[in-house]
Amino acid sequence: MSEIRTLTIDGEMISAPAGATVLDAAREHGIRIPTLCHLDGLSDTGACRLCLVEIEGNNRLQPACVTRVEEQMVVRSSSPRIEKYRRMILELLFAEGNHVCAVCVVNGHCDLQDLAYDVGMDHVRFDYLHPQREVDSSHDRFVLDHNRCILCARCVRVCDEIEGAQTLDIAGRGVASWIVSDLEERWGEARSCTSCGKCLLVCPTGSLFEKGLRHADSSRKADFLRYMVNVTRRQK
Ligand code: SF4
Ligand code: SF4
Ligand code: FES
């Protein structure tokens, strides 16, 4: 039988299995913490920092998706400080890429856009970097627009952990990082790609999409992950 930890989130005393993350525990009890790089069914990397929470006794905000519950932990998922950070992170993501929602294939179905609405982000206070990034349309069926990529690595993880192809990876550092295929070949030349399309389904922005789609044409169906994870577990 698994051990149980008792903790408090937003004043509510709850229990969670040892090893669960603060995010798991919060969601299990109906407490919403915003996320971007996290997706149920994939491993967590703590990349986006949208899920930051306050933990009593720790001055630094901690990402809920990679922080394990501890006995007597006291967590706050919302405060003026946290809201300020979340908004700043979102503004930086918009400023670092080229996110023009009005002409995007996932306009209205975009996690980044939804989160910006949620925090009331009506403008960006940072200078836009307007990077000149490549749009890789070398694949027969799919397009990778690096301009809209926020480096959440969901595509990298689904390709590795669910499809098992290991086609995608992140190369470079900081804002100069980018998604690469195989040995930094163009996607269409990556021989390991099975063209399964799973990376498109989990991308939270319009960075990955199917050829031939027009503005606001594409919706995401990341729910397939839960089904696949359950099937894989049953097979083991
Ligand atoms: S289409 Fe499938 S195999 Fe190809 S990069 Fe995407 S997830 Fe990986
Ligand atoms: S292509 Fe999409 S899923 Fe992949 S890292 Fe960029 S934003 Fe995330
Ligand atoms: S969702 Fe936790 S760091 Fe991205």
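Before any of the text, the structure's been laid out above.
Residues numbered from 1 in each chain as written. Chains lettered and ligands numbered in written order. Predicted model: local features only at pLDDT ≥ 70, side-chain atom pairs only at ≥ 80, totals over all residues. Heavy atoms only, no water.

### Let's talk about the overall build of the protein chain
And step 1. Secondary structure assignment for the protein chain yields six helices and ten strands.
And step 2. Taking 2.2 N^0.38 as the reference for a compact globule, 236 residues should give roughly 18 Å; the C-alpha atoms of the protein chain span a radius of gyration of 19 Å, in line with that estimate.
And step 3. The buried share of the protein chain, reckoned over its 236 residues, is 45%.
And step 4. Partitioning the intrachain contacts of the protein chain with sequence separation of at least 6 by distance along the chain shows that 60% fall at a separation of at least 24.
And step 5. As displayed, the protein chain offers around 12900 Å² of accessible surface, 49% of which is attributable to carbon and sulfur atoms.
And step 6. Across the protein chain, 29 positive and 34 negative side-chain charges occur, with their mean positions spaced 1 Å apart. (Helix = DSSP H or I, 4+ residues; strand = E, 2+ residues; numbered from the N terminus. Rg over C-alpha atoms; globule rule 2.2 N^0.38 Å. Buried < 20%, exposed > 50% of the residue type's maximum accessible area, 1.4 Å probe, protein only. Contact = heavy atoms within 4.5 Å. Areas by Shrake-Rupley, 256 points an atom, 1.4 Å probe, with all protein chains shown as cover. Lys, Arg positive; Asp, Glu negative; His and termini not counted. Charge placed at Lys NZ, Arg CZ, Asp CG, Glu CD.)

### A word on the site of ligand 2
And step 1. The local shell around ligand 2 holds 13 residues, among which Cys149, Cys152, Ala153, Cys155 and Cys203 are the closest.
And step 2. When grouped by side-chain class, the residues that make up the shell around ligand 2 number ten nonpolar, two polar and one charged. (Near = heavy atom within 4 Å. Nonpolar A, V, L, I, M, F, W, Y, C, P; charged D, E, K, R; others polar.)

### Topic: the site of ligand 1
And step 1. Within the structure, ligand 1 sits among 13 residues, and Cys159, Cys193, Cys196, Gly197 and Cys199 are positioned closest to it.
And step 2. Within the shell around ligand 1, the residues separate by chemical class into eight nonpolar, four polar and one charged.

### Quick word on the sheet that holds strand β6 (residues 135–136)
And step 1. In space, the three strands of this open sheet follow the order β6-β7-β10, with antiparallel pairing throughout. Only two strands of the sheet have a single neighbouring strand rather than two, namely β6 and β10 (208–210).
And step 2. Sheet topology places β6 next to strand β7 (residues 142–145); two bridges connect them, and they run antiparallel. Bridge pairing links valine 135 to aspartate 145 in β7. (Pairing = 2+ DSSP bridges.)

### Focus on the pairing of strand β9 (residues 178–181)
Remark: a regular strand shows side chains that alternate across the two faces of the sheet.
And step 1. Sheet topology places strand β8 (residues 168–171) next to β9; four bridges connect them, and they run antiparallel. Of the residues in β9, the one forming a bridge with alanine 171 is tryptophan 178.
And step 2. Linkage of β8 to β9, two consecutive antiparallel strands, is achieved through a turn of six residues, within which glycine 172 is found at a positive phi near 85°.

### A few points about the nonpolar core
And step 1. Ranked by internal contacts, the top residues of the largest apolar core, which has 25 residues, are Leu36, Leu50 and Leu112.
And step 2. Setting aside chain neighbours within four positions, we find leucine 112 in contact with Leu36, Leu90, Leu93, Phe94, His99, Ile150, Pro204 and Thr205.
And step 3. Core analysis: the second largest hydrophobic core is formed by 21 residues, Cys155, Leu168, Cys199 and Val202 among them. (Core = buried A, V, L, I, M, F, W, Y, C linked by side-chain atoms within 4.5 Å.)

### Some details on the sheet that holds strand β4 (residues 58–63)
And step 1. With respect to topology, five strands assemble into an open sheet ordered β2-β1-β5-β3-β4, the strand pairing being mixed. Each of the sheet's edge strands pairs with one partner strand only, and the pair in question is β2 (12–17) and β4. Mean inter-strand twist for the sheet, computed between neighbouring axes without regard to direction, equals 35°.
And step 2. Strands β3 (52–55), β4 and β5 (74–76) of the sheet are contacted by helix α2 (residues 80–96), whose axis makes an angle of about 155° with β3. (Axes fitted to C-alpha atoms, helices over the stretch in contact; angles between N-to-C directions.)

### Things to note about α2
And step 1. Here α2 contains 17 residues, and its C-alpha end-to-end distance of 24 Å stays within 8% of the 24 Å for a straight helix at 1.5 Å per residue.
And step 2. Of the positions making up α2, those classed as buried are Ile82, Arg86, Arg87, Ile89, Leu90, Glu91, Leu93, Phe94 and Ala95.
And step 3. Taken together, the buried residues of α2 touch β3, β4, β5 and α3 (111–118). (Expected span 1.5 Å × (residues − 1).)

### Remarks on the packing of α2 against α3
And step 1. For the pair α2 and α3, the least separation of the axes is 10 Å and the interaxial angle reads 135°. As the angle between them shows, α2 and α3 are arranged oblique. α2 and α3 meet at a crossing whose hand is left-handed. On α3, the residues touching Leu90, Leu93 and Phe94 of α2 are Leu112, Leu115 and Ala116.
And step 2. Looking at the contact of α2 with α3, its residues break down into six nonpolar, no polar and no charged. (Parallel < 35°, antiparallel > 145°, perpendicular 65-115°, else oblique. Left-handed = near helix turned anticlockwise from the far one by under 90°.)

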